[in-house]
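Close look at the chain arrangement
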Amino acid sequence: MIQNKKDFRLGVGLIIFCLITLFVLIPWQVGPLSAPLAMQPVIFTLILLLLSGLLVIRSVKNAPAANPKEDEPVGTRKHLKTVCLVTIVIIGYSVVFEYLGFILTSFAGMVSLFLLFGVRSWSRILGITIPTMLILYFSFEKLLSAPLPTGLLFELLFDI
Amino acid sequence: MFDWTVMGEALSAALNVSNLFGASLGIFLGSFLGAIPGLNGAMAIALLIPVTFTWDPIFAIAMLIGCWKGSVYGGSISAVLLNAPGTPEAVATTYDGWPLAKQGKAGKALKMALYASVIGALISDSLLMVAAPPIAALALMFGPPELAMLIAFALVVVAGAGEGSHLKGLIAAALGVLLATVGLDPIQGMRRFTFDCLHLDSGIDLLAMVIGLLVTSEILYQIGQGWADSDAGAPPTPKTKADTRVSMRELIRCLPVIFRSSLLGSICGALPGVGSITAAFLGYDQAKGMDRHPENYGKGELKGVAAPEAANNAVCGAALIPLVTLGIPGALAVAVIMGGFLIHGLAPGPMLMVEHPKLIYALFMLLIITDFFMLFITRPLLILGQWVVRVPRIYLFPVIITLCVVGSFGTRMSVFDVQIMAAFSIIGYLLKKWDISPGTFLIAFILGPMAENYIRQSLLISGGNPLIFVTRPIAAGFLLALVAFTAWAAFKRRKGEKAQ
């Protein structure tokens, strides 16, 4: 029986990753496995493969060690759902940043994050969002001379 | 021998008002951010780096190092006031800090933490100033095989000394080195793992990666653990005025403990991978072990606050020794500071002291001067502390995420870097869930290209013969140390398993 399922799954996943890297990614993206260019990727993929194998063996033999983080609170399904939603907001933010620009994306991003975290007071949401955006805008645009994206949509609409 | 002209120029740069302001600002911001539970020094530095990239290197790097020092002290504020360490290195401070606060002596504990931190930092920075030049001079004698083996040794030590299992530490290191091969090959300039994406030619941007891996992923992790819901209660209030002060007698009583802990902390800092968390616990343990009344510890003993605070602050200066002399970041926060050096076109390593002696000595001097400033800069935080530590995370996280997006865009004006940051938020979160240290992963990512360069240069020198790593005495010594450390770690694990 497998004693530590979490580590077992991680070990198997890493072994699959190593095999794909070794036989698909390196020949496709670097060159033949014997080329000097491929030396470092090949060596470290092999090391990773060996370590993953050891992890799998250990997970079959040994039960998980006493959790050093046992005093930490344990998240629920609701928290996991929030993690997924926040991740989606971050990905969405990074994808539309260029097209919608700093102002629109940051406003939408911050407001949706506040709502996701359960803040319902609009005075607080706007009271934090607007000053944050203004401070960031002036810090980057004026103090650091680092222009933030205005957004393709904005440029199209206002013909900048 | 000291070059007195360089030293004079360095002193004048260190005494420059704007540089002093930069370091002081770093300490203040670090203390402020470090006081907020959930924000650690590395996160604070990662958030600051994008702002500093257009600034003068001395000003910017002094600010980043100051921020780290400040955050280490700042962690003690919430440790004492809320029994919730603001940073992991302040955990040992809660043992006696919180009981003191419960007795209404929070002000006394915080002031003792401040004095101990300043003395610890002073001892450590003086050691840095004295030890760095000879070590750098020695490192100049190393060739590619020695440096390759030194990096391999450092990687194994960092992997083994971090939190969690040694095996997972090694997995983190291997993953980090593997990821560092993305981009143009350092010797032949050929593309590797770029998937025809031009943005990846220069590799994965370190800063975007650091922000994603350390800041946003930490936020995701804290949300996943339900920490965003659990914010602190009201801190207790002092009873008398004497409870808010540290008398001269109390300070003198704690001085031997502070000195011993500072030395321990400096040694821990200079060793790659040991870090300030271990230093703080060692400092606390030695204070308790050598005290005539160990039974007082854990009940509000002032020395129990002084010892861990002196030790964890003494790590900061000494931890820069391997960075500036060998180019090896031995701790997570130092790896992030190394990013600060790199974005200013400064490659840490033995040549740094040869090529930029004025900058390096100015930084050392600034660190020592601002240690004294720390006494005054952090004063407002002792008053603001009660407010700072209670900022709910649900208000903080959206602001930090926006800062991360803008910060990762800001350094290269590239939306691709924002996407890299988003990708590493997920990778960092998964690494934490699997108990794989993101710190080791990051350090390996930084050291990977250096290791490859030195290994391939060594093989070019030897005509492809790998025995060059065994036949050169210093390289063989590092290899032997690497094997010995691995064997020791395996022995320690087995012993632990048997004990269970």
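This section reports on the structure supplied with the text.

What counts and what doesn't
- Residues numbered from 1 in each chain as written.
- Chains lettered and ligands numbered in written order.
- Predicted model: local features only at pLDDT ≥ 70, side-chain atom pairs only at ≥ 80, totals over all residues.
- Heavy atoms only, no water.
- Helix = DSSP H or I, 4+ residues; strand = E, 2+ residues; numbered from the N terminus.
- Rg over C-alpha atoms; globule rule 2.2 N^0.38 Å.
- Buried < 20%, exposed > 50% of the residue type's maximum accessible area, 1.4 Å probe, protein only.
- Contact = heavy atoms within 4.5 Å.
- Lys, Arg positive; Asp, Glu negative; His and termini not counted.
- Charge placed at Lys NZ, Arg CZ, Asp CG, Glu CD.
- Polar contact = N/O pair within 3.5 Å; in protein donor to acceptor, adjacent residues only side chain to side chain.
- Salt bridge = Lys/Arg side-chain N within 4 Å of Asp/Glu carboxyl O.
- Phe/Tyr/Trp six-rings, centres within 6.5 Å; stacked < 30°, edge-to-face > 60°.
- Core = buried A, V, L, I, M, F, W, Y, C linked by side-chain atoms within 4.5 Å.
- Expected span 1.5 Å × (residues − 1).
- Bend = angle between axes of the 7 residues up to and from the residue.

1. Section: the overall build of chain A
Looking only at helices and strands, chain A has five helices and zero strands in total. Starting at the N terminus and ending at the C terminus, chain A contains elements arranged as α-α-α-α-α. Relative to a compact globule of 160 residues, whose C-alpha radius of gyration would be 15 Å, chain A shows 24 Å and is clearly more extended. Dimensions along the principal axes, computed over C-alpha positions, put chain A at roughly 60 × 45 × 25 Å. When each of the 160 residues of chain A is scored for burial, the buried share is 40%. Pairs at least 24 residues apart make up 60% of the contacts formed inside chain A by residues separated by at least 6 positions. The averaged location of the 8 negative side-chain charges in chain A is 15 Å from the averaged location of its 12 positive side-chain charges.

2. Focus on the side chain of B:Lys168
The residue B:Lys168 is located in helix H8 (residues 166-179) in this model. Among the polar contacts listed, one links the side chain of B:Lys168 to the backbone oxygen of B:Trp434, at a separation of 3.1 Å. Filtering out sequence-adjacent residues up to four positions away, B:Lys168 remains in contact with A:Asp7, A:Leu10, A:Leu55, B:Trp434, B:Asp435 and B:Ile436.

3. Concerning the interface of chain A and chain B
Between chain A and chain B, the residue contacts involve 62 residues of the former and 67 residues of the latter. Between A:Lys6 and B:Asp435 there is a salt bridge, and its shortest N-O distance comes to 3.3 Å. Sorting the residues of the side of chain A that touches chain B by element identifies helix H1 (5-29), helix H2 (39-61), helix H3 (77-116) and helix H4 (122-143) of chain A as the ones contributing at least two each.

4. A look at the environment of B:Tyr395
Structurally, B:Tyr395 is set in helix H17 (residues 393-410). Separated by 54 residues in sequence, B:Tyr395 and B:Phe341 place their C-alpha atoms 32 Å apart. A polar contact of 2.6 Å, which involves the side chain of B:Tyr395, links it to the side chain of A:Arg124.

5. Brief notes about the side chain of B:Ser71
Its location among the elements puts B:Ser71 in helix H4 (residues 57-82). In this view, B:Ser71 contacts B:Gly30, B:Ser31, B:Gly34, B:Gly41 and B:Thr87; residues no more than four positions away in its chain are not counted.

6. A look at the packing of aromatic side chains
All chains considered together, the criterion is met by 15 aromatic pairs over all chains. Within the aromatic cluster, the residues linked to one another by ring pairs are B:Tyr95, B:Phe281, B:Tyr284 and B:Tyr297.

7. Looking at the nonpolar core
Residue and element names in this part refer to chain B. Grouped together as the largest cluster of nonpolar side chains are 174 residues, with contacts concentrated most on Ile 45, Trp 68, Val 336, Phe 341, Phe 364 and Leu 442. When residues in this core are grouped by element, the largest group, 13 residues, is from helix H9 (residues 206-224). Residues contacting Phe 341, with those up to four places away along its chain left out, are Ile 61, Leu 323, Val 324, Leu 346, Pro 348, Leu 352, Ile 360 and Leu 363. Counting 32 residues, the second largest nonpolar core, distinct from the first, contains Ala 109, Met 112, Ala 113 and Ile 377.

8. What to know about the environment of A:Ile15
Residue and element names in this part refer to chain A. Turning to its location among the elements, Ile 15 is positioned in helix H1. In sequence terms Ile 15 and Val 56 are 41 residues apart; their C-alpha atoms lie 9.2 Å from each other. When near neighbours in sequence (up to four residues on either side) are disregarded, Ile 15 contacts Leu 49, Ser 52, Gly 53 and Val 56.

9. A look at the environment of B:Val156
Residues and elements named next belong to chain B. As for its position among the elements, Val 156 is in helix H7 (residues 144-161). Along the backbone, Val 156 and Ala 444 are 288 residues apart, and their C-alpha atoms lie at a distance of 9.7 Å. In this view, Val 156 contacts His 166, Leu 170, Leu 482, Phe 485 and Thr 486; residues no more than four positions away in its chain are not counted.

10. Remarks on H3(A)
Residue and element names in this part refer to chain A. A rise of 1.5 Å per residue sets the reference length of H3, with its 40 residues, at 58 Å; its end C-alpha atoms lie only 14 Å apart and thus fall more than 12% short of the reference. Where H3 bends most, the angle comes to about 130 degrees, and this point is Gly 101. Among the residues trailing H3, Gly 118 stands out with phi positive, at a value near 90 degrees.

Note that every value here comes from positions in space, so none of it alone points to a role or purpose.
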